[in-house]
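Next come the chains, spelled out residue by residue.
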Amino acid sequence: MLGTMLGGFGSQATAQTGAESVVAEDTVASDAFQAPATVVRTIAVEGSQRIEPDTVRSYIELRPGQPYTRATLDEALRDLFETELFADVEIRDDRGDLTIVVQENPVINRILVEGNRRINDEDLTTEIQLAPRQIFTRSRVRADVSRIIELYRRRGRFAASVEPQMVTLDQNRVDIVYEINEGPRSKVRQINVIGNEVFSDGALRSEMATKQSRFFRFFSSRDTYDPDRLAFDQQRLRQFYLTEGYADFRVVSAVAELTPDRRDFIITYVVEEGARYRFGEVELDSDLRDFNSDQFSRIIPIEEGDWYNAQLIEDTIDSLNETAGFLGYAFAEARPQFNINREDRTMDVRFRIDEAPRVYIERIDVNGNTVTRDKVIRREFRIQEGDAFNSFALRRTQNRIRSLGFFQEDLEIEQQPGSAPDRIVLVANLEERATGELQVSAGFSSLEQFILNLSIRQRNFLGRGQELRAGINYSSFSNSIELGFTEPYLFDRNIALGVDLFRRDFDSFNFIGGERNTTYQQVSTGFQIRAGVPLTEYWTLALRYGLSQEDVTLDQASFFVNGQCSPLLAGRFLCDAIGNRIVSSIGYSLVYNDLDNNVRPSRGRRLILSQDFAGLGGDVQYLRSRIDADRYWNLGSGFVFNLSAEAGYIYSLENRSGVGVDDVRLTDRFFLGEPQIRGFDIRGVGPRVQRIPYIQGTNDLVTDRRLITDDAIGGRVYYLGRAELEIPIGTGARELGFRPSVFVDAGAVFGVTDPVLQTFPCFDANGNQTGQTPCSGGDIPGPILIPITDAAGNQQFIDNVSNQLTSDPTTNGVANTPANQTIAPFFERFRGDSPRPRVTVGVGVNWNSPFGPFRVDFAYALLKNNGDDDKLFSFNIGTQF
């Protein structure tokens, strides 16, 4: 096979008379004009393979019986070449018998692309118009080259070049190969601004989407040259100056020059700032019947004397249009009228609203829902057919449908004219997305170590809007199996009903240094019935009843002596927690929610007041109260700010006797740490008991943190606050599911009865006991000996012959040694029971990865209390926080 440069692939158009072949040049043509015309007798076609001879003859205007000259032959040649079907054409003239000899263009066998690394074959193929089995033409190859180069330029590679190659095959076939030299990405080396006096170059560059190429922008694509972005930056500059009062600002020119090495661009803007204006008279003129100008002037946020701001104009227009829509005037439109006073540099603004009919809903059309039933969508509408149009109700409807999570996030309900001027048709064009979720994932988190998750969930079961879910979770410290079902509209009434069945195994743990050690195991088996009733559009009352059996146990090999839990080994608080109990509770939640999206909110508020009463039968009695509040602000440009606060209190209705015994059981208390307050370890905040061993034979405590046991015991009261700012990122990273944020967390858990701490005897140098720890002077702590007994409580001995446990105090008349368990001395202290806030700051990233949700946080504890366990870095893969 032979590769041929397409640029050198030529053809020659000739006309022959008799046996001579003469190139159709200007001199020959001029002689032909002087020759007498000859009549065409016949027209024959030779060399055609795929194209019929009659088709070839149809491309020229010559016909038998017509006179012709050399000029008409040349015109026929041009007509044939313009069809782009032939590689070469000759017309032979034998005294009126014309023969058209053609060489057909080859058929394309394959289209190949070589040398591309930055753009994949699929993207390039969509730009190439030539295709296999098509007829090869040079013009279409040149067009494909231009499109490929333009694609690379849109990606910021202006040095890219494309060299088309043609590989000749048998049977008049060819392969077309586009050899691409991508070249480096064209960066923006420098941005110059000429003519600016009020604002510096740096201030103006900060308003632009395009950035100058710098080494620290290796993750950004905003420093690559893009002509569309150049036009957008001109609008950004104008918008910036208009918001600062410069109404006459204009961009005189914007020039992008390619550097001599064709690697980078230098962009130069020439601007005229003009004078700065203030607002003059601001008036509202309305012809709407219910839209009184004097009454609604107060919603205009503009004051006379303020600096002119075009953004305030846009906000006022939106506010007036929304207010008119609230009154039922769907097609009313506020139009600003400006009067510039250049002498005193003021701008008078009159907002004009022309008369428009009050509009009523003629029809509501729902399209695109192939799975979801119509009634599931229509019951979310806050406006019905026949109602007066209301823009606020329409916006609320859009938010409610988005919050279902069944359709596209950018859902907009269109407003179309109805059959009369006062009628409107609402059209919801929906794009359904998958609502079934099957997740099989494994991962590792700093919170739960190894994680295995298997879950199936259908949020739109049978298209009815019902939720059905089942899940199995396994990790190093917790296992669970759960089944749940929710009917959001029971019997087509706005009453939600749900039921959950569960079995949860939780292994609590303490820390000895950085190592986690399982302390108690809690197994909960039960069910919960839920119901929800809307009180108003934004207020909902949720009721619930739960019944569960909870079994709390300790490892007998580690914490039991003689069949009993040993406070010396486990601690009194853990011995107090063990047992089997029934929890029967009833509760309610009062919820206010006007968020624009329940899945990923960007504006709105949510408030939840909850109380749960345990004691409706069962073995546990308490009243648990909680409050949770969130507020979101959309700051524009992709920034979303969130403030949240929550607090809780649990009050025991039992009076559990015992010194150091809290009326609220350990398993019912509040705990705080990762992930609620980032920057601390799990249960790393709040009351805790620490055991610090003594150095053997001394009164000194060990300083190696790895030898210290740390048990969190929770509290009856907690509070937590967060401030978080979601930061916008590039389109590519956003499409991959990255959502970075910066945050501040603050909170505390406290309010628990001081536990009884373990003490050890102190001995002087002569071995005499002098008191209890902490020891004073030169005294040192000694161990505690716990006698080992049998099931009947009888003292056990160590046989002095066999060295085995025995119930006999003597063997062969020789006294045996009493069997005791020796507990080495340690110092036990209670810390962290303080309402003082713990404060952390940090950055985090959420990523919806192909392997499941991923969250990573870097947080630093600014304020902490003695005993708190802080933590700088945490991450989680494969499970939701």
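It should be emphasised that the depicted structure is a prediction, and the values quoted were computed from it without experimental measurement.

Colleague: Would you mind going over the pairing of strand S39 (residues 769-772) with me for this structure?
Modeller: Looking along a regular strand, one sees side chains alternate from face to face of the sheet. Strand direction decides the pairing type here: strand S38 (residues 761-763) and S39, joined by three bridges, are antiparallel. Counted as the bridge partner of cysteine 762 is glycine 771 from S39. Counted between consecutive antiparallel strands, the loop separating S38 from S39 contains five residues, among which glycine 767 sits at a positive phi close to 85 degrees.

Colleague: Would you mind going over the sheet that holds strand S18 (residues 360-367) with me for this structure?
Modeller: As a general point, the strands of a sheet are linked pairwise by backbone hydrogen bonds and lie either parallel or antiparallel. The strand order across the open sheet built from three strands is S18-S20-S19, with neighbouring strands paired in mixed fashion. Pairing within the sheet leaves two strands with one partner each, and these edge strands are S18 and strand S19 (413-417). Neighbour to neighbour, the strand axes of the sheet diverge by 25 degrees on average, direction disregarded. Of the pairings in the sheet, the one linking S18 to strand S20 (residues 423-429) comprises seven bridges and is parallel in character.

Colleague: Whenever I open this one, the sheet that holds strand S14 (residues 264-272) confuses me. Can you help?
Modeller: If you walk across this open sheet you meet the three strands as S12-S14-S13, and the pairing is mixed. Only two strands of the sheet have a single partner each, and these edge strands are strand S12 (187-194) and strand S13 (250-258). Averaged over all adjacent pairs, the angle separating strand axes in this sheet is 15 degrees, with direction ignored. For S13 and S14, the ladder comprises eight bridges, and the chain directions are antiparallel. The residue bridging valine 255 from the neighbouring strand is threonine 268, located in S14. In the packing of helix H7 (residues 227-243) onto the sheet, the strands contacted are S13 and S14, and the crossing angle to S14 comes to about 30 degrees.

Colleague: How should I be thinking about the side chain of aspartate 175 in this particular structure?
Modeller: Topologically, aspartate 175 is positioned in strand S11 (residues 173-181). Aspartate 175 gets classed as buried once you look at its relative accessible area, which sits at 3%. Within polar-contact distance, the side chain of aspartate 175 engages the side chain of asparagine 109 at 3.0 Å. When residues no more than four places from it in sequence are discounted, the contact partners of aspartate 175 are Asn109, Arg110, Gln165, Met166, Val167 and Leu169.

Colleague: Help me understand H7, please; the structure alone is not making it clear to me.
Modeller: Relative to the 24 Å expected for 17 residues at 1.5 Å per residue, H7 spans 25 Å between its end C-alpha atoms, a close match to the ideal helical length. Residues of H7 that are buried include every one of Arg229, Leu230, Asp233, Leu237, Phe240, Tyr241 and Leu242, and no others. The inward-facing, buried residues of H7 abut helix H6 (201-207), S13, S14 and helix H9 (310-326). Just past H7, the residue glycine 245 takes up positive phi, approximately 100 degrees.

Colleague: What am I meant to see in the nonpolar core here?
Modeller: One broad rule of soluble globular proteins: the nonpolar side chains tend to lie buried together. The biggest cluster of nonpolar side chains holds 25 residues, and the ones touching the most others in it are Leu284, Leu288, Phe291, Tyr308, Ile313, Phe351 and Ile353. Of all the secondary structure elements, the ones that give two or more residues to this core are strand S15 (278-286), H9 and strand S17 (346-353). For this core, the element with the most residues is H9, which contributes five residues. If we skip the residues at most four places from it in the chain, phenylalanine 291 touches Leu284, Ser286, Phe296, Leu320, Thr323, Ala324, Leu327 and Ile353. Core analysis: the second largest hydrophobic core is formed by 21 residues, Val359, Phe389, Phe407 and Leu430 among them.

Colleague: How do you make sense of the state of the cysteines when you look at a structure like this?
Modeller: Simply put, disulfide is the name for a covalent bond between the sulfur atoms of two cysteines. Applying the stated criterion across every chain, the model contains two disulfides. Paired through a disulfide, cysteine 565 and cysteine 575 show a sulfur-sulfur distance of 2.0 Å. Because the torsion about its S-S bond is -80 degrees, the bridge between cysteine 565 and cysteine 575 counts as left-handed. Of this pair, cysteine 565 sits in strand S29 (residues 564-565) while cysteine 575 sits in helix H14 (residues 572-577), and the two are ten residues apart along the sequence. The class for cysteine 565 is buried, based on a relative accessible area of 15%. Exposure remark for cysteine 575: the relative accessible area of 17% places this residue in the buried category. Between the sulfur atoms of cysteine 762 and its disulfide mate cysteine 775 the distance is 1.9 Å. Between cysteine 762 and cysteine 775, the S-S torsion sits near -95 degrees, and that sign places the bridge as left-handed.

Cut-off values and rules
Residues numbered from 1 in each chain as written. Predicted model: local features only at pLDDT ≥ 70, side-chain atom pairs only at ≥ 80, totals over all residues. Heavy atoms only, no water. Pairing = 2+ DSSP bridges. Helix = DSSP H or I, 4+ residues; strand = E, 2+ residues; numbered from the N terminus. Axes fitted to C-alpha atoms, helices over the stretch in contact; angles between N-to-C directions. Contact = heavy atoms within 4.5 Å. Buried < 20%, exposed > 50% of the residue type's maximum accessible area, 1.4 Å probe, protein only. Polar contact = N/O pair within 3.5 Å; in protein donor to acceptor, adjacent residues only side chain to side chain. Expected span 1.5 Å × (residues − 1). Core = buried A, V, L, I, M, F, W, Y, C linked by side-chain atoms within 4.5 Å. Disulfide = S-S within 2.5 Å.

Geometry only, nothing functional implied.
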